[in-house]
Amino acid sequence: MVKLDASRFRYLSNDDFRVLTAIEMGMKNHEVVPTPLIERIAGLRHGGTIKILSFLLGYKLIHHEAKNYDGFYLNYPGYDFLALKTFMKRGHVNGFGRQIGVGKESDVFLVLSPVKEGEEIEEKKEEEDGVEKIIIDKSLAKLEELDDEEDDIYDLEHKSKQVVLKIHRLGRTSFRNVKNTRDYLGKRSKTTNWLYMSRLSALKEYAFMKAIYDTGCIPVPKPIDCNRHCVLMEYVKGYPLYQVKEMKHPRYVFRQCIDLIVKLAQYGLVHGDFNEFNLLIKPMSEKIVVIDFPQMISTSHPNAEFYFDRDIICIHTFFEKRFSYIIKPDDEEYDIYFPKLSEIKKEHSLDVHVEASGFTAEKSKEFDEIMKEKEEEDNLESNNEEVVDNNEENKEEELKLEEELIGSDNEENTSVVTGASFTTNGTRRRKKKVLNEDQIKELVKRDFKKKEFSKSKDIKMAKRNTQKGRAKTKVKESIEPGIDY
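What counts as what
Residues numbered from 1 in each chain as written. Predicted model: local features only at pLDDT ≥ 70, side-chain atom pairs only at ≥ 80, totals over all residues. Heavy atoms only, no water. Helix = DSSP H or I, 4+ residues; strand = E, 2+ residues; numbered from the N terminus. Buried < 20%, exposed > 50% of the residue type's maximum accessible area, 1.4 Å probe, protein only. Contact = heavy atoms within 4.5 Å. Areas by Shrake-Rupley, 256 points an atom, 1.4 Å probe, with all protein chains shown as cover. Axes fitted to C-alpha atoms, helices over the stretch in contact; angles between N-to-C directions. Parallel < 35°, antiparallel > 145°, perpendicular 65-115°, else oblique. Nonpolar A, V, L, I, M, F, W, Y, C, P; charged D, E, K, R; others polar. Core = buried A, V, L, I, M, F, W, Y, C linked by side-chain atoms within 4.5 Å. Phe/Tyr/Trp six-rings, centres within 6.5 Å; stacked < 30°, edge-to-face > 60°. Salt bridge = Lys/Arg side-chain N within 4 Å of Asp/Glu carboxyl O. Pairing = 2+ DSSP bridges. Expected span 1.5 Å × (residues − 1). Polar contact = N/O pair within 3.5 Å; in protein donor to acceptor, adjacent residues only side chain to side chain. pLDDT = per-residue confidence, 0-100.

A.B. asks: Got a sec to walk through the overall build of the protein? Specific residues and values, please.
C.D. replies: When you go through the protein residue by residue, the secondary structure sums to 14 helices and 18 strands. Taken across its 485 residues, the protein has 38% of its residues classed as buried. Here the analysis covers contacts within the protein between residues at least 6 apart in sequence; of these, 71% occur between residues at least 24 apart. Roughly 31200 Å² of accessible area belongs to the protein as shown, and the carbon and sulfur atoms make up 49% of that amount.

A.B. asks: I'd like a description of the environment of glutamate 31, backed by residues and values.
C.D. replies: Tracing the backbone shows glutamate 31 in the loop between helix H1 (14-26) and strand S1 (33-34). C-alpha separation for the pair glutamate 31 and phenylalanine 72, spaced 41 residues apart in sequence, amounts to 8.8 Å.

A.B. asks: Outline the packing of H1 against helix H3 (residues 49-58), listing residues and values.
C.D. replies: Helix packing for two helices is described by the angle between their axes and how far apart those axes are. Where H1 meets H3, the closest approach of the two axes is 10 Å, and the angle between their N-to-C directions is 85°. With respect to H3, the element H1 is oriented roughly perpendicular. Counted together, Asp15, Asp16, Val19, Leu20 and Ile23 of H1 and Thr49, Ile52, Leu53, Phe55 and Leu56 of H3 form the full contact between these two elements. Considering only residue class, the contact of H1 with H3 consists of 7 nonpolar, 1 polar and 2 charged.

A.B. asks: Got a sec to walk through the nonpolar core? Specific residues and values, please.
C.D. replies: In terms of nonpolar packing, the biggest core is built from 54 residues, with Ile212, Ile315 and Phe319 touching the most fellow members. Looking at this core element by element, the count peaks at 9 residues for helix H9 (residues 250-266). If we skip the residues at most four places from it in the chain, isoleucine 212 touches Ile218, Val220, Leu264, Leu269, Phe293, Met296 and Leu350. Counting 43 residues, the second largest nonpolar core, distinct from the first, contains Leu12, Leu56, Leu74 and Ala83.

A.B. asks: Go over the packing of aromatic side chains, please, and point to the residues and values.
C.D. replies: Inspection of every chain in the model, using the stated rule, returns 13 aromatic pairs. When the centroid spacing of 5.5 Å and the interplanar angle of 90° are considered together, the rings of phenylalanine 254 and tyrosine 325 count as edge-to-face. Here tyrosine 325 lies in the loop between helix H10 (304-323) and helix H11 (334-337) and phenylalanine 254 lies in helix H9, a separation of 71 residues in the sequence. Tyrosine 325 sits in the buried class, given a relative accessible area of 16%. Among the aromatic residues, those joined into a ring-pair cluster are Phe254, Phe318, Phe319, Phe323, Tyr325 and Tyr337.

A.B. asks: Got a sec to walk through the pattern of salt bridges? Specific residues and values, please.
C.D. replies: Summed over the entire model, instances satisfying the criterion amount to 9 salt bridges. Close ionic contact of arginine 169 with aspartate 80 constitutes a salt bridge, the shortest N to O distance being 2.8 Å. With arginine 169 in the loop between strand S8 (160-168) and helix H7 (176-181) and aspartate 80 in helix H4 (residues 76-89), this residue pair connects regions lying 89 residues apart in the sequence. Taken as a pair, arginine 169 and aspartate 80 share a single burial class, namely buried.

A.B. asks: Residues and numbers for the sheet that holds strand S11 (residues 239-240), please.
C.D. replies: Read across the open sheet, the 3 strands follow the order S11-S14-S15; overall the sheet is antiparallel. Of all the strands in the sheet, the pair left with one neighbour each is S11 and strand S15 (288-290). In the packing of H9 onto the sheet, the strands contacted are strand S14 (279-281) and S15, and the crossing angle to S15 comes to about 30°.

A.B. asks: An account of H1 is needed here, citing residue identities and associated values.
C.D. replies: Over its 13 residues, H1 extends 18 Å from the first C-alpha to the last, a length consistent with the 18 Å expected when each residue adds 1.5 Å. Of the residues making up H1, those classed as buried are Asp16, Phe17, Val19, Leu20, Ala22, Ile23, Glu24 and Gly26. Where H1 is buried, its residues touch S1, helix H2 (35-42), H3, strand S2 (62-65), strand S3 (71-74) and H4.

A.B. asks: Requested: an account of the side chain of asparagine 275, with residues and values cited.
C.D. replies: Looking at the secondary structure, you find asparagine 275 in the loop between strand S13 (269-270) and S14. A relative accessible area of 12% places asparagine 275 in the buried class. Side-chain polar atoms of asparagine 275 contact the backbone nitrogen of phenylalanine 277, separated by 3.0 Å. Excluding residues within four positions of it along the chain, asparagine 275 makes contact with Cys314 and Ile315.

A.B. asks: Describe the sheet that holds S2, listing the residues and the values that go with them.
C.D. replies: As summarised here, the arrangement of the 3 strands in space is S1-S3-S2, forming an open sheet in which the pairing is antiparallel. What marks the edges here is a single partner per strand, and that holds for S1 and S2. Sheet topology places S1 next to S3; 2 bridges connect them, and they run antiparallel. Among the inter-strand pairings, valine 33 is bridged to a residue of S3, identified as phenylalanine 72.

A.B. asks: Give me the pairing of strand S5 (residues 106-114): which residues, what numbers.
C.D. replies: When you tally the buried positions in S5, you get 7 out of 9 residues, the bulk of the element. For strand S4 (residues 95-102) and S5, the ladder comprises 5 bridges, and the chain directions are antiparallel. Each bridged residue has a counterpart across the sheet, and for glycine 101 the counterpart in S5 is valine 108. Linking two consecutive strands that pair antiparallel, namely S4 and S5, is a turn of 3 residues. Note: S5 against S8, 9 bridges, orientation antiparallel. When the bridges of S8 are listed, valine 108 appears paired with lysine 166.

A.B. asks: Quick one: what's the story with H9, residue by residue and with numbers?
C.D. replies: With 17 residues, H9 ought to run about 24 Å at 1.5 Å a step, and its terminal C-alpha atoms sit 24 Å apart, in line with that. Within H9 the residues assigned to the buried category are Val253, Phe254, Gln256, Cys257, Ile258, Leu260, Ile261, Val262, Leu264, Ala265 and Gln266. A positive phi of about 85° marks glycine 268, the residue just after H9.

A.B. asks: Outline the confidence of the model for the protein, supporting the account with residue identities and numerical values.
C.D. replies: In low-pLDDT segments, the atomic positions of the prediction should not be examined closely. The predicted model of the protein averages 76 in pLDDT, with 67% of residues at 70 or higher. Mean pLDDT per element in the protein: helix H6 (residues 148-151) is the minimum at 39, and strand S10 (residues 230-234) is the maximum at 95. Taken together, the stretch residues 140-151 has pLDDT below 50 and engages in 14 contacts with residues farther than four places along the chain or on a different chain. Note that residues 408-428 has pLDDT below 50 and, in this model, 27 contacts with residues that lie over four places away or in other chains.

A.B. asks: So, the environment of glutamate 39: which residues are in play, and what are the values?
C.D. replies: On the secondary structure map, glutamate 39 appears in helix H2. Using a relative accessible area of 36% as the deciding quantity, one classes glutamate 39 as partly exposed. Residues glutamate 39 and isoleucine 50, 11 residues apart in the sequence, show an inter-C-alpha distance of 8.1 Å. With residues up to four places along the chain from it excluded, the contact list for glutamate 39 reads Thr49 and Ile50.

And the structure:
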């Protein structure tokens, strides 16, 4: 698990960030950036790049490798600091807060953002007044009891407000073992880099979120900025839907979820992961806010209908288990709660607009190809493990077959005429199987293949040793007796 220690950010100088940027630029063409190249790109006036590299290595912002040559490459914490530095330069972040969420592909933090002049800092009346209409199950998640000062989004004394920083971290869990056992980065150093994939994922989510927010019809957090693998968005005062134990109007919330799925389809989009973990509910108004968009696809996608139906089933399953709310086929509103993608009329082409708003078609295609390659490599590894297991089982069966058919020469002597076996004491034993011609041929073929394999293996090893200069070839020549050369 990657931990971000923001307290170390204050100890980094401009030269430190210059070296981090140099490593990032070098990673466009190198898996491990050579040290001389880092010095050349950084271009520090008085030198000192080696000293800064050792300092960054102590903070675990970079990783050192000297397998083939001496070089460095960025870790996730170093990439996080570069993104935070950019947000601070742009005036979007001036303080770092606590972590409020963690997932298999991202970490979510609260950060402080300066309030600009003329910006409204008063919340909506429906969220200011009234009583909360939901009950949170604290056993499902550790929720901190916030007092009035911490629960307030705006800090009027320091003229700051709370915003959400989402950091994408692809490859942290799903493909960790695969990357350790198989070398992907040797073939495609650019596209198989997890930092680059996380950047594509963040850019895709920001593009979808901005396009959806601009419509004003679908409730999503307001996107603020995007840099590298981080997305900055507004803070929504609400709870994840899976933490809600009871609510006053479950039918109203259920209908909201179905309408949002249909609304997205009318705009030409399918969420793809529409479930209780990616939905926020406001405690007083019971309104739903949609989050998490990297997996969103167009309705023209070949598998769009499958993902659309899966989103509908996920919502039905949650409300059926948590609130015992079941829609039966006899109900009048059955067709409303079970819509079909083929029957929904596409009113807007938001999917086309998204491709033109930052996440281009080329980057979308590249991201999909990378994810397919990861799945294929994962499946290939599992298949190789099965093949190894099958080979071991076949070897065990061969050994058992040889033991049963050949027997032991020390304990018994087999009669060639009768086929009966006798022990050393002369007592008669049970008759064993006699080898037929087919079985004898199979054993001969196996022995021949083993010898040929070992012979070819020795030849390859000898060639390899001669090429590397690790051993000298020994040539054996047969000399006839009595002849002197």
